[in-house]
Amino acid sequence: MELYYLITILSFIKFCSSNREIISFITPENCSEREYFIPSLMTCRQCNDHQKSSLDRLSCICEKNSKIIDKVSEFSSCEPCPSNFTATLDHLHCLKKTNVTCGLKDIELETEPNGLPLAKKSCIRCSPGTFPSLDRTKCLPCQVVNCTCPQTSHEWLLDGTLCVFSQNLTLWPDERETHIVEYDIVGVDVESKYLKKHLRALLYKCVKMKHRMSCESLGNLCTIQMYKDERKVNPCRVFKDYRRIPTSSDADRLPLPWIYYGEGDASVALNRKKITSKYTIRPGSRKSKLQLVAARYNLNGSLIKLSELSPVELQLCPGLWNGIESAFRFGARYFHTCNIPAKQLIGQLVSTEPIFYDFYLQYDDGKKNMLYAIPLLVRNIKVGTTYPNKGRDISQWLLTRRMFLMDLFSGISTKTQGLPTVIQYLKTVKLVVQAQREIENEGNIYPPFMVLEYGQITDENISSNELCPVTFTVEFYMENDILHYVDMSLGILSGCVFIWSCIHTWSESKRCGKMAIDLWTVGQFAITCCSHFANMIFVVCLLLAVHTLFFYKAQSVVYILLPSQDLEAVVNRYVVISFLLKIVEIVRLIWKQTTIDIFLVDWEKPRISPNQKQNGIMATQKQTVSIWRSYFVANEWAEIQTKRKISLPLQLLFTILLLKIYGLENWAAAEPEVHLTEVPYRPISQLLGFGMLVIVFSIVYIVQWITTVAIYERYIKNCIQQFVDICSLANISVFILSAEFFGYYIHGRSAHGFSDTDMESLIGQLRREEDNMVRHRGLMPGTENQTFEMTIPSSLKTYYRRVMAPLNNIQSKQISGSSFRIKKVDKTDMVKIGQAYNNMNKFLAAFLDHALKDLDYEIREKTFVEKLLGIEYSDPLDKGVFFIDDGHSFDQVIFYGNECTLVIFDLMMLSFFYVLTENIVLAGIITGFLIKVMSVIRTTFGKRNLAKKTLIDERFLI
């Protein structure tokens, strides 16, 4: 049995050792000099006999004195040469050893001109005027007389490979300052090892010898140094006299490449109309994409190739790049950003030498393909202490031609080895294309240009592996008069808003009894202006967004493109301003609603009930009137204070559901097509997103409003009408003053004369009312009008203040700003409160019954103008006026009657947070939370005011 277990364990170990699912982590550096690395197996294997591993440890090569005998296999087989033979340099043959030593001016030959091996190695002297190459396989022409470099009159450059007459180098002295590279972002100066070795040689070969590759290389070094030419010895100073667009008469500039545009050329170069090709937004068309071409150069100035530019070449971000080929789609935007760890950013490059690019736009002029040079706007260019390319003044821009993705070589110091001290990388690249707006130039574009910004990281950043942000953007736009139309609309509508605000302020002043303009009036006017200006600004921005959305998505020819991001930023600022102004109106609304004067007029009279006989006489007893009916009405009023016609949670939920889940947000993608699915790297236009948000929000609101008003309130439950019915059932009227001489009245006097009764009597009253066996509920005989707007006489307000003054004193003393509590009031004050309440109740009941000789009112309807402007022409000084309303005018002092104001505020708040966060889900969550907080504040202060004005203990307000 033990033997069986042993065999099983050994079999398992053997299985595990042959299974490659779990392998050791081995790199080529772990292999020895006679081993090579197999990447697929992640292991090292032994080379064959007489072989050794290559320098990269990925293959095997013959040993020093061995030749190749088999080339069929992956790694050739080798065998050693005989003892008196030695292998050739290519390890193909063995030659007989000799004691011949070639001289310094000789080259060594191992084969005949026809490729056959010689019997032995021979030496051949280079002819006069030539010298041996480093590997001694060929003769090269001398650069100086007799191939000698006199130490007294000449200098060796490029590590002793270039001899130059000293007088030709006087313009470029060998000083430390010559090799300094300044990195302004990180504030580091590095003495570059590359510049120390190559700069003076390149300057000499370009300027003195007119060597084209050397001049191209100087252009590359100028690009690396961000086009600075302030030092005496600098690669950019070579181009100082040629900072202009080349012309056919610029023959003297050759072989200098085109690196700079001229100062002040930007406004001219970016507004030329020389590109004759017409582009279209129709998908699938050959002209629906821009074709960019790039000339690529090595660091030494040699041309790599001239071919079409793929968007992938401008990407440092790792990824699969699905959909990247649509980056140059005409009329659309492209955006991709990522954060790359510093070590990964360096590790993804194959070589430390960068590739330099000159970009062109390829277009068809009708006869042949043409190339148009694309200028570059490098934000990092510094002139003195300023950065002209970071400003908005185009006339100050300095355009250039050449760029690179990453610089790993210039930051290698002469004092250190290994990683560079500073690395430069392309942080931001943005291709900007402006379409021409003229009708006859439909589809034509101005010269595109690229906006570049480079980042810099130090060796410390690399050691800590900090994240490096990288962004690639393509933007198409068309200049238009949208901003002019917006400003013009705001200017014209501002006059209307001013007049409308004056009318509203005059109406409010009249209701408050303000006959002259004072500080209060000016404040009310300012607040009213804030409200109307907020609505006006928001509507103008909304119309702009909806107009752009429909025309941009529905066009078949190039009529309109998305406005520039600067214009979108202006619209966003307008949205923010409108929301901030709207807050002022909402604060005033809540303050007014929580400071109204409200009194519950109890029409119930004490009834006399018979008692037991005493001494043969029937005794009577006067019953007290119950206060619970007032408590009941007050609670119902407290409940409807924040009642609205819609459910805001459902409103936000369905809005977010349609935009995010169903995909309507993708209709706002910055491309002419309409998709319900997300398009890779196609950003959501904030202007179009704002338009879609408002459209979807409005549709959801309209559906909710119709469902509530036309169905739910009509056939199921109408809380406003129910409150009026409850007042009639409780025999209590509600007297509300929202201003000094203006307010609302709910006539709740019972048609039965009393309500403080038992269940059987109450049901009987309701049955008689259904059978029309009692009088109507209306204030006027024979009518059903129970709700009114009213202007009251000044004498009524005076009496109201006089009666309520003791109560206010008691409340200020007992309550100290908190809610009303009966237990905090002493017995003496309680008697005063009861007397004041009874007096006010009797007074208002007498006034409503026309029982006061010098204090009366009339009932009439408002005229059309009064309804339209929201004003009252009557003078409230002598006689009050009750205006017949639509049945619920009193809802102006609760949320229900201000639904339009509140829903606009909801939409503004949602738009505000969408603009700030660019996330509709987060914006919806924040909006819902803040609206709930606002509702809680309104309820809390509303209950406190209700308890204070109606003398009901707040603890009874549920």
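From a predicted model like this one, the values you see are computed outputs, not experimental measurements.

Here we come to the overall build of the protein. A tally of helices and strands in the protein yields 19 helices and 35 strands. Per-residue burial over the protein gives 47% buried out of 958 residues. Considering only intrachain contacts with a sequence separation of at least 6, the fraction spanning at least 24 residues in the protein is 64%. Here the protein displays about 49,100 Å² of accessible surface, and carbon together with sulfur accounts for 58% of that area.

Before going further, it helps to examine the sheet that holds strand β35 (residues 880-884). Across the sheet, which stays open at both edges, the six strands sit in the order β28-β31-β32-β33-β35-β34 with mixed pairing between neighbours. The sheet terminates laterally at β28 (597-602) and β34 (857-861), the two strands that pair on one side only. Each neighbouring strand pair of the sheet contributes to a mean axis angle of 25°, computed without reference to strand direction. Of the strand pairs in this sheet, strand β33 (residues 787-791) and β35 are connected by four bridges, and their pairing is antiparallel. Counterpart to Thr-791 in the pairing with β35 is Val-881. Sheet strands touched by helix α10 (residues 628-640): β28 and β31 (732-737). Its angle to β28, the strand with the most contacts, is close to 145°. Contacts from helix α13 (residues 719-730) reach β31, β32 (742-746) and β33 within the one sheet, and its direction differs from that of β31 by about 125°.

A separate point is α10. The end-to-end C-alpha distance of α10, which contains 13 residues, comes to 19 Å, matching closely the 18 Å that a straight helix rising 1.5 Å per residue would cover. Where burial is concerned, most of α10 is hidden: ten out of the 13 residues are buried.

Summarizing the sequence annotation, UniProt attributes the feature "transmembrane region" (unreviewed entry) to residues 482-503, 524-551, 571-591, 646-664, 684-712, 893-914 and 920-941 in the numbering used throughout. Counting secondary structure, residues 893-914 comes out at 73% helix and 0% strand; the distance between its end C-alpha atoms is 31 Å. The straight-line gap between the two end C-alpha atoms of residues 920-941 is 31 Å; of that span, 100% is helix and 0% is strand.

Proteins that are soluble and globular tend to have nonpolar side chains buried together. Core analysis: the largest hydrophobic core is formed by 155 residues, its most contacted members being Phe-359, Met-403 and Met-450. Ile-596, Ala-634, Ala-638 and Ile-746 belong to the second-largest nonpolar core, a separate cluster that totals 32 residues.

Attention now goes to the state of the cysteines. Tallying each qualifying case throughout the model produces nine disulfides. Between the sulfur atoms of Cys-126 and its disulfide mate Cys-139 the distance is 2.1 Å. Since a negative S-S torsion denotes a left-handed disulfide, the Cys-126-Cys-139 link at about -85° is left-handed. Of this pair, Cys-126 sits in the loop between β10 (117-125) and β11 (130-132) while Cys-139 sits in strand β12 (residues 139-141); the two residues are 13 residues apart in sequence, bridging distant segments of the chain. What makes Cys-126 buried here is its relative accessible area of 9%. Take Cys-529: it sits in no disulfide, and the sulfur closest to it among the cysteines is that of Cys-502, at 6.8 Å. In this structure Cys-529 comes out as buried when scored by relative accessible area, which is 9%. In this structure Cys-530 is a free cysteine whose sulfur lies 7.2 Å from that of Cys-529, the closest cysteine sulfur available.

Rules used in this analysis
Residues numbered from 1 in each chain as written. Predicted model: local features only at pLDDT ≥ 70, side-chain atom pairs only at ≥ 80, totals over all residues. Heavy atoms only, no water. Helix = DSSP H or I, 4+ residues; strand = E, 2+ residues; numbered from the N terminus. Buried < 20%, exposed > 50% of the residue type's maximum accessible area, 1.4 Å probe, protein only. Contact = heavy atoms within 4.5 Å. Areas by Shrake-Rupley, 256 points an atom, 1.4 Å probe, with all protein chains shown as cover. Pairing = 2+ DSSP bridges. Axes fitted to C-alpha atoms, helices over the stretch in contact; angles between N-to-C directions. Expected span 1.5 Å × (residues − 1). UniProt positions renumbered as here; feature names shortened; annotations may be inferred. Core = buried A, V, L, I, M, F, W, Y, C linked by side-chain atoms within 4.5 Å. Disulfide = S-S within 2.5 Å.

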